[in-house]
Amino acid sequence: MIVSNVVPKEKLRKVQSETLQYLKEFISTSFGPMASNSIITKGISDGSVITQYSKDGHTILKNILFNGIIERSVRSDLEDLTRHIVKTVGDGTTSAVVLSSLIFDELVKLETSDSPYEIMRQFKEATKAIKEKIKSRARKFTPETAYDITLISTNGNKEVAANIRNIYEQFGNDVFIDVSTSTTTESYLKTYDGMTLETGYGDTAFINNSKKGVASIRNPRIYAFEDPVDTPEMIALFNAIIEKNIVKPYQTGSQPTPTVILAPIVSRDLTSYMDQLINFMYQFKNEADKPPFLLISNIYQKEQFVDICRLCGCKPIKKYINPDQQKVDIEKGLAPTIETVTEFCGKADIVESDISKTKFINPALMHNEDGTLSDTFNTLVKFLEAELAKAYEAGEDNNVTGTLKRRINSLKANMVEYLVGGVSATDRDAVRDLVEDAVLNCRSAARNGVGYGANFEGLIASLQLADALPENKLYKVISDAYLNILTTLYKSKYNEEKAKELVQESIERGMPINLRTDEFDDKVLCSIDTDIVILETISKIVTLMFTSNQFICPTPADNQYITLNTK
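Worth saying up front: this structure is predicted, and the values here are computed from it rather than measured. (Residues numbered from 1 in each chain as written. Predicted model: local features only at pLDDT ≥ 70, side-chain atom pairs only at ≥ 80, totals over all residues. Heavy atoms only, no water.)

Quick look at the pairing of strand E8 (residues 259-262)
Of the two faces of E8, the one lined by Thr259 and Ile261 and the one lined by Val260 and Leu262 are each fully buried. Bridge count between E8 and strand E9 (residues 293-296): four bridges; the pairing is parallel. Bridging across to E9, valine 260 finds its partner in leucine 294. Taken together, E8, helix H9 (residues 271-282) and E9 constitute a β-α-β crossover, and its handedness is right-handed. (Buried < 20%, exposed > 50% of the residue type's maximum accessible area, 1.4 Å probe, protein only. Helix = DSSP H or I, 4+ residues; strand = E, 2+ residues; numbered from the N terminus. Pairing = 2+ DSSP bridges. Right-handed = clockwise from strand over helix to strand, strands pointing away.)

What about helix H4 (residues 93-110)?
Along its 18 residues, H4 runs 26 Å from first to last C-alpha, staying within 8% of the 26 Å computed at 1.5 Å per residue. Most of H4 sits inside the fold, with 15 of its 18 residues counted as buried. (Expected span 1.5 Å × (residues − 1).)

Some thoughts on the packing of aromatic side chains
The description of an aromatic ring pair uses the distance of the two centres, along with the angle that the planes make with each other. Per the counting criterion, the structure on display carries nine aromatic pairs. Note on tyrosine 22 and phenylalanine 26: the rings are 4.7 Å apart at their centroids and 45° apart in plane angle, and the pair reads as tilted. Separated by four residues within a single helix, tyrosine 22 and phenylalanine 26 lie in helix H1 (residues 9-27), roughly one turn from each other. The class for tyrosine 22 is partly exposed, based on a relative accessible area of 40%. Look at phenylalanine 141 and tyrosine 168: their rings are 5.0 Å apart centre to centre, the planes differ by 75°, and that puts the pair in the edge-to-face class. Separated by 27 residues along the polypeptide, phenylalanine 141 in the loop between helix H5 (116-135) and helix H6 (143-153) and tyrosine 168 in helix H7 (residues 158-171) bring together distant segments of the chain. Residue classification places phenylalanine 141 among the buried residues on the basis of a relative accessible area of 4%. Taking the relative accessible area as the measure of exposure, tyrosine 168 reaches 3% and is therefore buried. Chaining the aromatic ring pairs together yields one cluster made of Tyr22, Phe26 and Phe66. Stacked on the ring of phenylalanine 344, the Lys or Arg lysine 315 has its end atom at 4.9 Å from the ring centre. In this structure, arginine 443 packs its charged tip against the face of phenylalanine 176, placed 3.9 Å from the ring centre. (Phe/Tyr/Trp six-rings, centres within 6.5 Å; stacked < 30°, edge-to-face > 60°. Lys NZ or Arg CZ within 6 Å of the ring centre and 35° of its normal.)

Some thoughts on the nonpolar core
Counting 92 residues, the largest nonpolar core has Ile70, Ile103, Leu107, Ile164 and Tyr490 as the members making the most contacts within it. Looking at this core element by element, the count peaks at 10 residues for helix H16 (residues 473-491). Residues in contact with isoleucine 164, not counting those within four places in the same chain, are Ala146, Thr150, Ile177, Tyr418, Val439 and Cys442. Counting 60 residues, the second-largest nonpolar core is a separate cluster that includes Ile296, Ile308, Cys345 and Ile408. (Core = buried A, V, L, I, M, F, W, Y, C linked by side-chain atoms within 4.5 Å. Contact = heavy atoms within 4.5 Å.)

Comments concerning empty space enclosed by the protein
Taken as a whole and judged by the stated rule, the model has one cavity of 30 Å³ or more. Approximately 30 Å³ is the volume attributed to the largest cavity. (1 Å grid on protein atoms, 1.4 Å probe; cavity = no way out; pocket = protein on both sides within 12 Å on 5 of 7 lines; lining within 4 Å. Points joined across faces, edges and corners; volume = space filled by probe spheres on them.)

Section: the pattern of salt bridges
Applying the stated criterion across every chain, the model contains 29 salt bridges. Between glutamate 125 and arginine 121 there is a salt bridge whose closest N-O contact spans 3.3 Å. Highlighted residues: glutamate 125 and arginine 121, both in helix H5, separated by four residues, approximately one helical turn. The shortest N-O distance in the salt bridge between lysine 319 and aspartate 230 comes to 2.5 Å. Here lysine 319, found in the loop between helix H10 (302-312) and helix H11 (323-332), pairs with aspartate 230, found in the loop between strand E7 (221-224) and helix H8 (232-252); they are 89 residues apart in sequence, far enough to count as distant. Using a relative accessible area of 35% as the deciding quantity, one classes aspartate 230 as partly exposed. Shared partners join several salt bridges into a network, and the residues in it are Asp178, Glu352, Asp354, Lys357 and Lys359. (Salt bridge = Lys/Arg side-chain N within 4 Å of Asp/Glu carboxyl O.)

Some remarks on helix H17 (residues 496-509)
If you check H17, its first and last C-alpha atoms are 20 Å apart, about what 14 residues at 1.5 Å a residue would give, namely 20 Å. Listed as buried for H17 are Ala499, Leu502, Val503 and Ser506. Along the axis of H17, the buried positions cluster into a sector of 110°, meaning they face one direction only. Every exposed residue of H17 that faces more than 90 degrees away from the buried side is listed here: Glu497 and Glu508. In this structure, the buried side of H17 is in contact with helix H15 (456-468) and H16. (Arc of directions from axis to C-beta.)

Some details on unusual backbone geometry
In this structure, asparagine 155 takes a positive phi of about 55° despite not being glycine. Inspection of the secondary structure assignment puts asparagine 155 in the loop between H6 and H7. Look at asparagine 155 and you get partly exposed, because its relative accessible area is 28%. For asparagine 219, which is not a glycine, the phi torsion comes out positive at approximately 45°. With respect to the secondary-structure elements, asparagine 219 resides in the loop between strand E6 (215-218) and E7.

Shown next, in the form of structure tokens:
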């Protein structure tokens, strides 16, 4: 008898399917407005238990545990991939898990008659066309649609929906809303001037406010690496900033300098150094004692990055190909050396980062001393507005004009902090989670347009394409999955026969029924990007699982799935 750590394809498919079905069954309990909370408990070192009440699909998914290594792998992949949904549109994990299970089972059935290559070809073709079809149905975002989106996201909280609508009415569609918790029973708003990068911290070691889940640095020196930190010289400058501002002060018992480093890419050559730095940060159990340091890398918004650096007053730290030019710039104070690099900084009142974004509040050069907007700010806005006018006149495409408009809007947009109140920490946290989902979905809708919720956009698009292109069997597989999930949603309130009738009526009317009002009132809305992002996530999940032909466990002892007999 041979005991191996290899699980062959047939058994792997069975375990993958069963795991998805199991997750679908228990996460579905959080699906839709009629769903109720799951009670999630965690034990802590003193023997007591922390209890959380949640109907958020991603929260529930994170807290479901398995013994088997394949099951753990499937759940971990789902958690990682659905995190993109949470960061982008706020809600949709439950839909992604349910649809993934339904579609995966059908693909496994097709595998008996078609080659995996052909199945995946048709699947990719179908998902791409469905996403394009969904995108074409987008409608305009308004404060009133913000109200409807928020009402759906918060399970009918009219107070929060009215607050979100009022914010968009007051500040326009480009306002950036951040969500936090109040220390009182009352919710209230704070407004700031500032800018935001859609990139957050790279490691939780930087968090110094665990209640808000943020790294917040007051009055920092801000260093901007214009080019990737991937050459010996750039690495040396990077290290010098951290050593002089953070490490040496701690070694000598002096006060560290609050420091924020911005870099498009940090080389893998710095992995060992960064690991040491991260471990150093983790050593501080008391958040008040944690080094005031934050690194923001993998920045893809190049134009906003440049604008932020300019308004903060950062001197760019960049690479030089010509050493003679570098020498001239060093003499002029335009290029740093190891000795001078710490002076190449900008400033802001606060830099605050969470997992998905970084706020720069009151950049140093944004205002004059009397609080009026500075010449630096006004000149930049006028320049970009002139460039946008030229782009329209020259007939530039949407990519060019869209980039300029986003830069202008980013500069002009207000930042609003929505502080959620409640009678207890548990109450505040529960409402905050709902508000965060609503804010993310509204932000996406303001950027990309509005569509119907309840996975209805995916259903309509896939049904239309299944009728138009019957030769691709995957359109019907996907549309059947969408029919199934909408029926499941309706069955949370109506009996099975009534639910099926309402699904057909929804298709005929071209909108989902509102389960709260029992009416087809055109108010079940969300970002048009919701179903697109969910479908993208499903595609990644299913593709990863379906294109795997065996599973290799860490050791034979971990293989509880099969024993191979040999003659």
